[in-house]
Amino acid sequence: MPNSLFNRLLGVVLIVVVLGAGGRVLWFWLDQPIQSVQVDGQFKYIHSADLSRQLSRNVTGQHWLSVNLNALREQALQIPWVDEARITRVWPRGLKFELQEQRPVAWWNDNYLLNDKGESFQVLNSGNLSDDMPYLAGPDERGADVLGFYRSLEKRLKPLGMTVTQVRLEARGAWRFQVNNNFWVVPGRGDLDVRVQRFIVAWQRALSKDANNIRYVDLRYPNGLAVGWHGETHAP
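Residues numbered from 1 in each chain as written. Predicted model: local features only at pLDDT ≥ 70, side-chain atom pairs only at ≥ 80, totals over all residues. Heavy atoms only, no water.

The next subject is the overall build of the chain. Along the backbone of the chain there are five helices and 12 strands. The burial tally for the chain puts 34% of its 236 residues in the buried class. Taking all contacts inside the chain whose residues are at least 6 apart in sequence as the whole, residues at least 24 apart take part in 48%. With an accessible surface of roughly 14,500 Å², the chain has 51% of that area assigned to carbon and sulfur atoms. (Helix = DSSP H or I, 4+ residues; strand = E, 2+ residues; numbered from the N terminus. Buried < 20%, exposed > 50% of the residue type's maximum accessible area, 1.4 Å probe, protein only. Contact = heavy atoms within 4.5 Å. Areas by Shrake-Rupley, 256 points an atom, 1.4 Å probe, with all protein chains shown as cover.)

Encoded structure:
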């Protein structure tokens, strides 16, 4: 009986050893150098061939099973215009990169762009960008807030024939925005909805008739506003 138990245990040990050895052989057989990179996505500002060349350089010397996909994803996100990346292995020795391109909606602090989530990014080549994107500015971490205010202004002012071309948030929290590349509106800090509504009422009643002569509209008053006209020297 003891010999029978010993033999069974020895058999189990041998099976584990064989499976372990076989697993290592299988791993080494599968973990071959990566030979192909596939790039998927819809691109407007970047070329898939350029992406493929750059991503291929990132996987040079990497192996199919042992490659760190999370590290590759972080590298892909550092490429200009890439907003999101998903990487999967493709049999037998390939990788598939599914990339989402940035969607620029505004200029940010002169040298950067904002995407539709209010996140800033920088690119070297901006020649394909739309000429009608607004110029937004503010503290680095306030991109989403400035974009949100811009969108709320566009929703309220566009039906009245006004286009918001710039929005600026000062470091101390004061707002101003430009209309039709022409004049500035200064709501300042606090009661933004009330002050913007006051501007809308004044626009509908009188200001729209003399819009080309307006230099600024100052809304930083408890119950009124001040209008600066071209030719005057006072600034808000």
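Now that the structure has been shown, the text picks up again.
Whenever strands of a sheet pair, they do so through backbone hydrogen bonds, lying parallel or antiparallel. Across the sheet, three strands lie side by side as β1-β3-β2; this open sheet has mixed pairing. A strand with exactly one partner marks an edge of an open sheet, and here the two such strands are β1 (36-40) and β2 (82-90). Going across the sheet, the axis of each strand differs from the next one's by a mean of 20°, ignoring polarity. Two strands pair when backbone bridges link them, and β2 and strand β3 (residues 94-101) are joined in this way by eight bridges, in the antiparallel orientation. Within β3, the position partnered with R89 by the bridge is L95. In the packing of helix α2 (residues 48-58) onto the sheet, the strands contacted are β1, β2 and β3, and the crossing angle to β1 comes to about 140°. (Pairing = 2+ DSSP bridges. Axes fitted to C-alpha atoms, helices over the stretch in contact; angles between N-to-C directions.)

Glycine aside, a negative phi is what most residues show, and trans is what most peptide bonds show. A cis amide bond links W91 to the next residue, P92, at an omega of 5°. Mapped onto the elements, P92 comes out in the loop between β2 and β3. The phi angle at N109 is positive, at roughly 50°, despite the residue not being glycine. A positive phi angle, near 75°, is found at D110, a position not held by glycine. With respect to the helices and strands, the residue D110 is situated in the loop between β4 (104-108) and β5 (112-115).

What follows is about the pattern of salt bridges. Under the definition given, this model contains 12 salt bridges. The partner of R103 in a salt bridge is D116, with the nearest N and O atoms 3.1 Å apart. Note that R103 is positioned in the loop between β3 and β4 and D116 in the loop between β5 and β6 (120-121), a separation of 13 residues in sequence. The class for R103 is exposed, based on a relative accessible area of 54%. Of the charged contacts, one joins E154 and K158 as a salt bridge, the two residues approaching to 3.8 Å between their closest N and O atoms. Because the salt bridges share partners, they merge into one network encompassing R73, E74 and E84. (Salt bridge = Lys/Arg side-chain N within 4 Å of Asp/Glu carboxyl O.)

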